[in-house]
Amino acid sequence: MAPSARSRPPLSERVRDPGFTPRATEVDALVDLLADDDLVKHAERALARAGPLALPRLRARFEQAGPPLRARVLRAIGRFAAEAEARALLVATLEDADA
């Protein structure tokens, strides 16, 4: 029997596992974890494992974030540089002093 969502450890713990692959429903919470100095690298890795489906949420957060979160979100977007949507955003932000 699979464990229920209630019995799973919190995302802030699960994200530390190098093999953690997030569910689509966890992408927004992972973007939130980019603000945590202790979890930023883990969150970036997990977002990369989520794949390009994370791009729309990352883009939305980038547009409203201030420093230093803005730069962290942009770095996570950079993991998807093979995607046209990511490249367009990366190029558009070349002169963004907060990114």
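Scroll up a little and you will see the structure.
Residues numbered from 1 in each chain as written. Predicted model: local features only at pLDDT ≥ 70, side-chain atom pairs only at ≥ 80, totals over all residues. Heavy atoms only, no water.

A. Highlighting the environment of glutamate 26. Relative to the assigned elements, glutamate 26 resides in the loop between α1 (11-14) and α2 (27-33). Judged by relative accessible area, which is 9%, glutamate 26 ranks as buried. Glutamate 26 sits 24 residues away from alanine 50 along the chain, and the two C-alpha atoms are 9.1 Å apart. Residues within four places of glutamate 26 in sequence aside, it is in contact with Arg8, Leu11, Arg14 and Phe20. (Helix = DSSP H or I, 4+ residues; strand = E, 2+ residues; numbered from the N terminus. Buried < 20%, exposed > 50% of the residue type's maximum accessible area, 1.4 Å probe, protein only. Contact = heavy atoms within 4.5 Å.)

B. Up close: the packing of aromatic side chains. For the structure on display, the rule yields zero aromatic pairs. Here the basic side chain of arginine 70 rests over the ring of phenylalanine 62, its NZ or CZ set 4.0 Å away from the ring centre. (Phe/Tyr/Trp six-rings, centres within 6.5 Å; stacked < 30°, edge-to-face > 60°. Lys NZ or Arg CZ within 6 Å of the ring centre and 35° of its normal.)

C. The arrangement of helix α5 (residues 69-78) in detail. In terms of burial, α5 is largely enclosed, as seven of its 10 residues are buried. Buried residues belonging to α5 abut α2, α3 (40-50), α4 (55-64) and α6 (84-92).

D. Spatial organisation of the pattern of salt bridges. All told, the structure shown has eight salt bridges when counted by the stated rule. Measuring nitrogen to oxygen at the nearest pair gives 3.4 Å for the salt bridge that ties arginine 57 to aspartate 28. Separated by 29 residues along the polypeptide, arginine 57 in helix α4 and aspartate 28 in helix α2 bring together distant segments of the chain. Arginine 57 sits in the partly exposed class, given a relative accessible area of 31%. When its relative accessible area of 40% is taken as the criterion, aspartate 28 is described as partly exposed. Between arginine 75 and glutamate 44 there is a salt bridge whose closest N-O contact spans 2.6 Å. Within this pair, whereas arginine 75 is found in helix α5, its partner glutamate 44 is found in helix α3, the two being separated by 31 residues in sequence. For arginine 75, a relative accessible area of 39% translates into the label partly exposed. One salt-bridge network, in which partners are shared between bridges, spans Arg8, Arg14 and Glu26. (Salt bridge = Lys/Arg side-chain N within 4 Å of Asp/Glu carboxyl O.)

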